[in-house]
Amino acid sequence: MKRFLDYVVSVLLSLLFHWYWSIPAWVLLILHFTLGISIWWFVGALLLWIVGVRVFVRVIGWLTYMGNKPEEENKNINPYSNKDNKV
């Protein structure tokens, strides 16, 4: 249960930090009330914002994970080097 709550908090914080990505959705909501366009444009833009933020956060998390992996030690194949010394 704690892991699920941590995930929900992470989602809400990432949406809060990227609130400005939702501005087109709010413009569409205003256009719904003023010009009478369909509310589904607003809903679609809001869902696109949520999915876009989640994908962005996942990609950044994956890049951080890949950057923090320890490097493997390479085998010294140089015939002229001193093979006893570690580089």
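Just so it is clear, the structure is predicted and the values come from calculations on it, not from any experiment.

### Considerations on the pattern of salt bridges
Applying the stated criterion across every chain, the model contains 1 salt bridge. With a closest N to O distance of 3.2 Å, Lys2 and Asp6 form a salt bridge. Of this pair, Lys2 and Asp6 both sit in helix H1 (residues 2-17), separated by 4 residues, roughly a single helical turn. For Lys2, a relative accessible area of 62% corresponds to the exposed category.

### Re the packing of aromatic side chains
In this structure the tally under the stated criterion is 4 aromatic pairs. Aromatic side chains Tyr20 and Trp21 sit 6.4 Å apart centroid to centroid with 85° between the ring planes, which places their arrangement in the edge-to-face category. Owing to a relative accessible area of 35%, Trp21 belongs among the partly exposed residues under this scheme. Summarising the aromatic geometry, the rings of Trp26 and Phe42 are spaced 5.3 Å apart at their centres and angled 50° between planes, so their arrangement reads as tilted. In this pair, Trp26 sits in helix H2 (residues 23-35) while Phe42 sits in helix H3 (residues 39-67), placing the two residues 16 residues apart along the sequence. Using a relative accessible area of 42% as the deciding quantity, one classes Trp26 as partly exposed.

Conventions we followed
- Position numbers for residues count from 1 along each chain, tracking the sequence in the order it is written.
- At least 70 in pLDDT is required for a residue's local features to be given in this predicted model, at least 80 for side-chain atom pairs to be given and counted, and no such filter applies to totals for whole chains, interfaces and linings, which use all residues.
- For the side-chain quantities, the full set of heavy atoms in the structure was used; hydrogens and water were omitted.
- For this document, the term salt bridge refers to a Lys or Arg side-chain nitrogen within 4 Å of an Asp or Glu carboxyl oxygen.
- Elements are defined by DSSP. Helices are runs of H or I of four residues or more, strands are runs of E of two residues or more, and each kind is numbered from the N terminus.
- In this scheme, a residue with accessible area under 20% of its type's maximum is buried, one over 50% is exposed, and one in between is partly exposed, where area comes from a 1.4 Å probe on protein chains only.
- When two rings of Phe, Tyr or Trp (its six-membered ring) have centres within 6.5 Å they constitute a pair, described as stacked for plane angles under 30 degrees, edge-to-face for angles over 60, and tilted for the intermediate range.

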